[in-house]
Amino acid sequence: MSNFSIRPILADDDAAMAAVIRTVMPEFGATGSGFAISDPEVDWMSRAYSAPRHAYFVLERDGRVLGGAGVAPLAGGDADVCELRKMYFLPEARGSGAGAAMMGRCLDAARGFGFTRCYLETLTGMDAAMRLYERSGFRRIDAAMGATGHGGCNRFYLLDL
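Residues numbered from 1 in each chain as written. Predicted model: local features only at pLDDT ≥ 70, side-chain atom pairs only at ≥ 80, totals over all residues. Heavy atoms only, no water.

## So, the overall build of the protein chain
So, step 1. Helix and strand counts for the protein chain come out as four helices and seven strands.
So, step 2. When its helices and strands are written in sequence order, the protein chain yields β-α-α-β-β-β-α-β-α-β-β.
So, step 3. For the protein chain, whose C-alpha radius of gyration is 14 Å, the value lies close to the compact-globule estimate of 15 Å for 161 residues.
So, step 4. Seen through its principal axes, the protein chain has C-alpha atoms that stretch 40 × 35 × 30 Å.
So, step 5. Sequence-distant contacts, at least 24 apart, represent 66% of the contacts inside the protein chain between residues at least 6 apart.
So, step 6. When the accessible surface of the protein chain is summed, it comes to about 7,300 Å², and 51% of that surface belongs to carbon and sulfur atoms.
So, step 7. When the 17 basic and 19 acidic side-chain charges of the protein chain are each reduced to a single mean position, those positions are 2 Å apart. (Helix = DSSP H or I, 4+ residues; strand = E, 2+ residues; numbered from the N terminus. Rg over C-alpha atoms; globule rule 2.2 N^0.38 Å. Contact = heavy atoms within 4.5 Å. Areas by Shrake-Rupley, 256 points an atom, 1.4 Å probe, with all protein chains shown as cover. Lys, Arg positive; Asp, Glu negative; His and termini not counted. Charge placed at Lys NZ, Arg CZ, Asp CG, Glu CD.)

## Examining the environment of S5
So, step 1. Among the structural elements, S5 can be located in strand β1 (residues 5-8).
So, step 2. Remark: the alpha-carbon pair of S5 and A16, spanning 11 residues in sequence, is separated by 15 Å.
So, step 3. Those residues within four positions of S5 in sequence are excluded, and the remaining contacts are V58, L59 and E60.

## A closer look at the layout of surface pockets
So, step 1. Estimated volume of the largest pocket: approximately 430 Å³.
So, step 2. Listed by contribution, the elements that provide at least two residues to the lining of the largest pocket are β4 (81-89), α3 (98-112) and α4 (127-135).
So, step 3. The leading source of residues in the lining of the largest pocket is α4, at seven residues. (1 Å grid on protein atoms, 1.4 Å probe; cavity = no way out; pocket = protein on both sides within 12 Å on 5 of 7 lines; lining within 4 Å. Points joined across faces, edges and corners; volume = space filled by probe spheres on them.)

## Describing empty space enclosed by the protein
So, step 1. Applying the stated criterion to the full structure yields one cavity of 30 Å³ or more.
So, step 2. One number sums up the size of the largest cavity: a volume of about 210 Å³.
So, step 3. Lining the largest cavity we find 17 residues, and of these L84, K86, M87, Y88 and E121 sit closest to its centre.
So, step 4. Taken together, the elements giving at least two residues each to the lining of the largest cavity come down to β4 and β5 (117-122).
So, step 5. Considering every element that reaches the lining of the largest cavity, the biggest residue donor is β4, with six residues.
So, step 6. Among the residues making up the lining of the largest cavity, the classes are represented as 11 nonpolar, two polar and four charged. (Nonpolar A, V, L, I, M, F, W, Y, C, P; charged D, E, K, R; others polar.)

## Here we look at the side chain of S46
So, step 1. Looking at the element boundaries, S46 is found in helix α2 (residues 45-48).
So, step 2. Once residues lying within four places of it in the same chain are set aside, the contact partners of S46 are I9, L10, A11 and D14.

So this is what it looks like as structure tokens:
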């Protein structure tokens, strides 16, 4: 992981992060309505995550954005619950420890914002991601929480922070 850095997203990163999301999600069949790829914020992540209690980080190597992840209050959820959002990495960053490092950075931010629980949604087929979530202490729950608008997701996890 030493040749990667994790830092807060900047406006100059928006196009690169949108490209990452639009590259990775189709690998897992996550296209169309009901998936994060259709969220309007994909094209302006830096602005979307500049709101209070929001943070988004990018994974960078040699000046190139290879992935990212963020936290924000869970839409339609309790005030103490955040959502781990839009955690995607290009294939060249996977298996490098970047996911665990990014997870740590996001969960630290969530705790700093005063959240006591972190929720996330994913889908069947994202097996490596689910293994990372479980290694990070997330437990699978039976149903969706909040109102994320991501009806295409079918796996749900929660972590007590």
